[in-house]
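Chain residues, written in single-letter form:
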Amino acid sequence: MDAQIEQIMQFFKSNLGFERVLRAMFDMYVQYGRAFGAVRLPRPSAAEESALSKFFSRDYYNQALIRIGLADFERQLCKNFLADVSLGDVLARYIGKPVRSETKKPTAFAAEVFALSAKFRNTSAEIWLKEVAAQTRRTYRAVADYYLADQKAAIRMIRQTADALNNTGENLVPLAEFSEKYTDSPGALDFSGTHGLLFLKALACKFDVQVPSTAENSVFLHYRAGILSHGMLSTVTVFGLSADSACAHYENLNQAHVLTLENISSFTHATAHCNKVFILEEPQIFSAVSSQLTDVKCTIICPTGGFNAALVCLLKLFSETDMYFAGGMNYKGLELADKLYVEFEKNFVPWRYTREDYAKVIAAGDSWLTGEKRGLAMHNESLASLLSHMKKTGRTSSSTPLVEDYVSDIKKIVQ
């Protein structure tokens, strides 16, 4: 334990970007006696943005205020250093003052789960099991309470979930088949199944994301793990796709199809015309553009469900295809654009995102740029440039004035 804390101390003391957040957490830990609540860092410095972004593997750049939960920090601490340490012990050593320890000692459940983690050494399950052991009073309170009623059943559930976690992969497998193999029940890992929520938390730990709060996000997390579940929830609209599956053939040159994740995962063949894909975020623009291209062989996609599993699954079929993306000139559109850029960087092409295009859109009628994404930051230079200009201007509008430009661009590119 001392060796682990010493290693952590060396890390924090060599990274000055943690100074303010650790001192703020110390004060809160003294107040509550445990990793509870969150601290706020107004006007973070460049060093703080960099330190926290790397520590959490999350983008904290260009934010006026950063909020860090003590429990999240403790969980990430254990994950990064593969250590079973208390945030209180770390803060006490860093600040040089004692903190009031928690009134309760580690439970028998936490101790048993931590011991179980040794059997999954150097795997994703080991990291997750240590998280379970460290968060028994909050995140995993339900299963800890279940342990009090039936110890063997609770540990068996934990063990099965850990085993399932370590056997997730990239090849899509139906959820019922996967669940029956690792839990002896086809419905156990379903969202409403006995292991469902526990499995989602395990996957969230593996992929370092928040636990899904919606069915769509849960479907996407399962998809990332190579599991096909409730694919009808996830849809994407496509015009001009050439594809075959076991039960259908698509060759739609004059109409659009709404495809589900289940449809797409069954494709035995899929081709984008001219090896180009044009992605139009706004449904009304997708409809207007496609209606003018019924005699042109082209593939146009509308991400009706946003950045969801169906969209990603479809685009992954076009690994050597240029992906032209045109979205709304607002926070929502740019956020989707940047997610696609991160996922398909080599193929992604920003489309009609110049300042001249923005000026044309605004000139036709504008409104105030509002939303909860003011701290949004872009990974793509073209998108970042436009976002900066939009923030300074403070205006937005529909991209409808660019419809004729979109049509003209597509004809030039595919002909």
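Presented here is a report on the structure given in the accompanying data block. (Residues numbered from 1 in each chain as written. Predicted model: local features only at pLDDT ≥ 70, side-chain atom pairs only at ≥ 80, totals over all residues. Heavy atoms only, no water.)

Before going further, it helps to examine the overall build of the chain. Scanning the chain from N- to C-terminus turns up 19 helices and 15 strands. Across its three principal directions, the C-alpha atoms of the chain cover 70 × 55 × 30 Å. Every one of the 415 residues in the chain was classed for burial, and the buried ones make up 50%. In the chain, the proportion of contacts linking residues at least 24 apart, taken out of those at least 6 apart, comes to 68%. Of the roughly 19800 Å² that the chain leaves accessible, carbon and sulfur atoms contribute 50%. Looking at the chain, you have 45 positive and 45 negative side-chain charges, and the mean spots of the two groups are 7 Å apart. (Helix = DSSP H or I, 4+ residues; strand = E, 2+ residues; numbered from the N terminus. Buried < 20%, exposed > 50% of the residue type's maximum accessible area, 1.4 Å probe, protein only. Contact = heavy atoms within 4.5 Å. Areas by Shrake-Rupley, 256 points an atom, 1.4 Å probe, with all protein chains shown as cover. Lys, Arg positive; Asp, Glu negative; His and termini not counted. Charge placed at Lys NZ, Arg CZ, Asp CG, Glu CD.)

Glancing now at the side chain of R395. Its location among the elements puts R395 in strand β15 (residues 395-396). Judged by its relative accessible area of 18%, R395 is buried. If near-sequence neighbours (up to four positions away) are discounted, R395 is found in contact with Y358, I362, D366, S367, W368, L369 and M390.

Counting 69 residues, the largest nonpolar core has V289, I301, L315, F318 and L340 as its most contacted members. Considering every element that reaches this core, the biggest residue donor is helix α15 (residues 309-315), with seven residues. In this view, V289 contacts L280, I300, V403, Y406, V407 and I410; residues no more than four positions away in its chain are not counted. A125, A162, L189 and F199 belong to the second largest nonpolar core, which has 34 residues in total. (Core = buried A, V, L, I, M, F, W, Y, C linked by side-chain atoms within 4.5 Å.)

Let us look at the sheet that holds strand β7 (residues 249-251). The antiparallel open sheet is built from three strands, whose spatial order is β7-β6-β9. This sheet does not close on itself; its edge strands, each paired only once, are β7 and β9 (267-272). Along the sheet, successive strands turn relative to each other by an average axial angle of 5 degrees, direction set aside. With five bridges connecting them, strand β6 (residues 241-245) and β9 associate as antiparallel partners. Within the sheet, the bridge partner assigned to D244 lies in β9 and is H269. (Pairing = 2+ DSSP bridges. Axes fitted to C-alpha atoms, helices over the stretch in contact; angles between N-to-C directions.)

Moving on to the side chain of K79. Mapped onto the elements, K79 comes out in helix α4 (residues 70-81). Reaching out from K79, the side chain makes a polar contact with the side chain of D208 at a distance of 3.4 Å. Setting aside residues up to four positions removed in sequence, K79 forms contacts with I127, C205 and D208. (Polar contact = N/O pair within 3.5 Å; in protein donor to acceptor, adjacent residues only side chain to side chain.)

Our next topic: helix α6 (residues 108-117). Turning to α6, its buried residues are F109, A110, V113, L116 and S117. Summarising the axial view, the buried residues of α6 lie within an arc of 125 degrees, below the 170-degree limit, and thus occupy one face. The elements touched by buried residues of α6 are α7 (124-134), α8 (141-149) and α9 (151-166). (Arc of directions from axis to C-beta.)

Moving on, we come to the state of the cysteines. Scanning all chains against the criterion turns up zero disulfides. With no disulfide of its own, C78 has C205 as its nearest cysteine by sulfur position, at a separation of 10 Å. What makes C78 buried here is its relative accessible area of 8%. C298 takes part in no disulfide bond, and the closest cysteine sulfur to it belongs to C274, at a distance of 8.3 Å. (Disulfide = S-S within 2.5 Å.)

The next thing to look at is the packing of aromatic side chains. Evaluation of the coordinates by the stated rule reveals 24 aromatic pairs. Centre to centre, the rings of F278 and W351 are 5.4 Å apart; their planes meet at 55 degrees, and the pair counts as tilted. Residue F278 is located in strand β10 (residues 276-280), and its partner W351 is located in the loop between β13 (348-350) and α17 (355-363); the two are separated by 73 residues in the primary sequence. This pair shows no difference in class: F278 is buried, exactly as W351 is. An aromatic cluster of at least three residues, connected via ring pairs, comprises F11, F12, F18, F55, F56, Y60, F73 and F81. Between the NZ or CZ atom of K201 and the centre of the ring of Y140, over which it lies, the distance is 5.2 Å. Above the face of the W368 ring, R395 is positioned so that its terminal group lies 4.1 Å from the ring centre. (Phe/Tyr/Trp six-rings, centres within 6.5 Å; stacked < 30°, edge-to-face > 60°. Lys NZ or Arg CZ within 6 Å of the ring centre and 35° of its normal.)

Once that is clear, we can look at the pairing of strand β12 (residues 322-326). Regular strands place side chains that alternate from one sheet face to the opposite one. Within β12, four of the five residues are buried, which leaves it mostly tucked inside the rest of the structure. As defined by bridge partners, β10 adjoins β12 across five bridges and the pair is classed as parallel. The partner of V277 across the bridge, within β12, is M323. The pairing of β12 with β13 spans three bridges and is classified as parallel. For M323, the partnering residue across the bridge sits in β13 and is F348. With helix α16 (residues 331-343) bridging β12 and the parallel β13, this β-α-β connection has right-handed handedness. (Right-handed = clockwise from strand over helix to strand, strands pointing away.)

Our next topic: the pattern of salt bridges. By the definition in use, this model includes 14 salt bridges. D405 serves as the salt-bridge partner of K360, at 2.7 Å between the closest nitrogen and oxygen. Here K360, found in helix α17, pairs with D405, found in helix α19 (residues 403-414); they are 45 residues apart in sequence, far enough to count as distant. For D405, a relative accessible area of 17% corresponds to the buried category. Here the salt bridges do not stand alone but share partners, grouping R352, D357 and D409 into one network. (Salt bridge = Lys/Arg side-chain N within 4 Å of Asp/Glu carboxyl O.)

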